[in-house]
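# Observations on chain architecture
In case you want the letters, here they are:
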Amino acid sequence: NAGVTQTPKFRVLKTGQSMTLLCAQDMNHEYMYWYRQDPGMGLRLIHYSVGEGTTAKGEVPDGYNVSRLKKQNFLLGLESAAPSQTSVYFCASRRRGSQTEKLFFGSGTQLSVL
Amino acid sequence: EDQVTQSPEALRLQEGESSSLNCSYTVSGLRGLFWYRQDPGKGPEFLFTLYSAGEEKEKERLKATLTKKESFLHITAPKPEDSATYLCAVQARNSGYSTLTFGKGTMLLVSP
């Protein structure tokens, strides 16, 4: 029972490099989210998707892009990484259901930008 | 702007020593208040959803309560395995696609 799987788990980048974080869920959930978690701050929403082919900006979208080409996958891209993007990134998903459906989270990707 | 403030930031308890965690919130119409548990190196895991003032929910040693301004997570006779960071989040009625506003969390350490 995999749930929400994030790859990679750890990554170190140099300033200006690009990378893509992959989130895959096997629960047939319609909604998917990308959050970042920084010390002393709550989880902050970067981007989200309410269905295949649709994405929307969250609270802190600058410097990130996303794509949802398949229902089960949600990709987060950093085109030109900056030290301010050093963080732990969490993907989450939920079914459409009621408006208060619970979120299922992945185990996170720890990203360091030097 | 929706806001969630959790206190204390950290709490250390002895095994069996009951206590409460606080989540104060301001939101333009509450649709739901959520509690999640997060273990080190893991993603948050859902515990409870509360919808209206006066509501209570229980799970093992945990009991969550809700008023119009705050929520409490009561921990009765905690065990070391209850050690984790507890996150509170609110969802406003006007939130787009049910997005949540999270607090910074309370880190709980229960010593044997």
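What you see is a predicted model; the values in this text were computed from it and never measured. Each chain has its residues counted from 1, following the order in which its sequence is written. Throughout, the order in which chains and ligands are written sets their labels, letters from A for the former and numbers from 1 for the latter. With the structure being a predicted model, the display of local features is reserved for residues of pLDDT at least 70 and the display and counting of side-chain atom pairs for 80 or more, all residues being used for whole-chain, interface and lining totals. The side-chain numbers reported here are obtained from all heavy atoms of the structure, hydrogens and water having been left aside.

## Thoughts on the state of the cysteines
Residues and elements named next belong to chain A. Two cysteine sulfurs form what is called a disulfide whenever their separation falls within 2.5 Å. For the structure shown, the criterion picks out two disulfides over all chains. Each sulfur of the disulfide joining Cys23 and Cys91 lies 1.9 Å from the other. With the S-S dihedral at roughly -75 degrees, the linkage between Cys23 and Cys91 falls on the left-handed side. Separated by 68 residues along the polypeptide, Cys23 in strand 3 (residues 19-25) and Cys91 in strand 9 (residues 87-94) bring together distant segments of the chain. The helix count covers DSSP runs of H or I at least four residues long, the strand count covers runs of E at least two residues long, and both are numbered beginning at the N terminus.

## Considering the sheet that holds strand 1 (residues 4-7) of chain A
Residues and elements named next belong to chain A. Taken in spatial order, the four strands line up as 1-3-8-7 in an open sheet, and their pairing is antiparallel. Sheet topology places strand 1 and strand 7 (65-67) at the edges, where each strand pairs with a single neighbour. The mean inter-strand angle of the sheet, taken between neighbouring strand axes irrespective of direction, is 20 degrees. Between any two strands, pairing holds if DSSP finds at least two bridges. In the sheet, strand 3 pairs with strand 8 (residues 73-78) via six bridges, with the strands oriented antiparallel. Paired with Cys23 across the two strands is Phe74, which belongs to strand 8. Lines are fitted to the C-alpha atoms to define the axes, a helix being fitted only along its stretch in contact, and any angle between axes, read from their N-to-C directions, falls within 0 to 180 degrees.

## With respect to the nonpolar core
Note on soluble globular proteins: their nonpolar side chains tend to be buried together. Definition of nonpolar core: a set of buried residues of the types Ala, Val, Leu, Ile, Met, Phe, Trp, Tyr and Cys, connected through side-chain atoms within 4.5 Å. The rule is simple: take the accessible area with a 1.4 Å probe, protein chains only, and divide by the maximum for that residue type; under 20% is buried, over 50% is exposed, in between is partly exposed. Membership of the largest hydrophobic core comes to 23 residues, with the highest contact counts inside it found for Leu33(B), Trp35(B), Leu73(B) and Tyr86(B). Elements represented by at least two residues in this core include exactly strand 2 (10-14), strand 3 (19-26), strand 4 (30-38), strand 5 (45-50), strand 7 (62-66), strand 8 (70-75), strand 9 (84-92) and strand 11 (106-111) of chain B. At four residues, strand 9 of chain B tops the list of elements feeding residues into this core. Judged by nonpolar contacts, the second largest core, of 19 residues, contains Leu13(A), Met32(A), Tyr64(A) and Tyr89(A).

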